[in-house]
Amino acid sequence: MSMSTTIVQPVLTPYQITDIVSYVNKFRAYHQAPPISWSPILYGVSQQWSYYLTANNLFQHSNNNQYGENLAYLQGYGVDPVALIKKSIDLWYAEVSAYDFSKPGFSSATGHFTCLVWVNSTQFGIGLAINDATNAVDIVMNTSPPGNYLGQFQQNVLPLVTTPSPTPVPTMPVPSLPITLPTTPVADLYAVLQLINTNKRKSEIVVAINRIILKLST
């Protein structure tokens, strides 16, 4: 990396952190995972590793077994830290399409997703570093306790919650009103239409029609 390149590491504000936590927990809730909270310690760990990756033009895991770890590399998506982090979360979660819930287990194609929604993880932090010359970004997420343990996927990566169909709103029965017929033929027909539109009993409708016939015949 040239000497003129500057590595930028935005410091997330409390408001931005709250936004990110809410965004992560939205995806966790999809899979019945409890909310996860922000850890300043894991934020610092993530910031350090993202800086290391950008400074050395690398893209690799830290192999720190204390934490779970997700990585993302972006370029061409601007420099808004929250937008970049959310884009990374979207990419990690998108791996759900390749996960086979009938055969729970680890796969390199779905490891980011399973780390993101791992039930037993309770804390996380996300850091990022930006190469201001190229706008290339390294994003690191660390979780604790770490996920993706073999033999624990079935109880920690749960199926997508299906949204139940809305319960039909009960309709109040329309009270049966005495049939009063207007005196003009047009009004008589309009009254019959009203009976039909309000789902009156067939017998009431027949009576109304018969009265019209009777009027016309006299």
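Preceding block: the structure.
Everything numeric in this text was worked out from a predicted model, so none of it was measured.

## Some details on the nonpolar core
- Ranked by size, the top nonpolar core spans 33 residues in total, and within it Ile20, Trp38, Ile89, Leu116, Phe124, Ile126 and Ile139 carry the most contacts.
- Ignoring any residue separated from it by four or fewer positions in sequence, one finds Ile89 in contact with Tyr23, Val24, Phe27, Leu116 and Ile126.

## Examining the pairing of strand 4 (residues 123-131)
- Extensive coverage of strand 4 is indicated by the burial of eight of its nine residues.
- Bridge analysis of strand 1 (residues 7-8) against strand 4 gives two bridges, and the strand direction is antiparallel. From the neighbouring strand, Val8 faces strand 4, where its bridge partner is Ile130.
- Across two bridges, strand 2 (residues 37-38) lies against strand 4 in parallel orientation. Each bridged residue has a counterpart across the sheet, and for Trp38 the counterpart in strand 4 is Phe124.
- What sits between strand 4 and strand 5 (residues 136-144) in their antiparallel hairpin is a turn of four residues, with Asn135 showing a positive phi close to 60 degrees.

## A few points about the pattern of salt bridges
- In total, this model carries one salt bridge according to the counting rule given.
- The salt bridge partner of Asp19 is Lys86, with a shortest N-O separation of 3.1 Å. Here Asp19, found in helix 1 (residues 14-30), pairs with Lys86, found in helix 3 (residues 81-93); they are 67 residues apart in sequence, far enough to count as distant.
- Looking at Lys86, the relative accessible area reads 22%, which means it is partly exposed.

## Focus on the environment of His112
- Take His112: it is sitting in helix 4 (residues 111-117).
- Once the C-alpha coordinates of His112 and Gly68 are considered, the two residues, 44 residues apart in sequence, prove to be 9.5 Å apart.
- Setting aside anything within four residues of it in sequence, one finds His112 in contact with Asn70, Leu71, Trp92 and Glu95.

## Details of the pairing of strand 5
- The element strand 5 is largely enclosed, with a buried count of nine among its nine residues.
- The alternating pattern of strand 5 places Ala136, Asp138, Val140, Asn142 and Ser144 and Val137, Ile139, Met141 and Thr143 on opposite faces, both of which are buried.
- Where strand 3 (residues 68-75) lies against strand 5, eight bridges are found, and the strand directions are antiparallel. Looking at strand 5, one finds that Ala72 is bridged to Ile139.
- Looking at chain direction, strand 4 and strand 5 are connected through nine bridges and run antiparallel. Among the inter-strand pairings, Ile130 is bridged to a residue of strand 5, identified as Val137.

Rules and cut-offs
- Residues numbered from 1 in each chain as written.
- Predicted model: local features only at pLDDT ≥ 70, side-chain atom pairs only at ≥ 80, totals over all residues.
- Heavy atoms only, no water.
- Core = buried A, V, L, I, M, F, W, Y, C linked by side-chain atoms within 4.5 Å.
- Buried < 20%, exposed > 50% of the residue type's maximum accessible area, 1.4 Å probe, protein only.
- Contact = heavy atoms within 4.5 Å.
- Helix = DSSP H or I, 4+ residues; strand = E, 2+ residues; numbered from the N terminus.
- Pairing = 2+ DSSP bridges.
- Salt bridge = Lys/Arg side-chain N within 4 Å of Asp/Glu carboxyl O.

It is worth stressing that arrangement in space is one thing and function is another; only the former is reported here.
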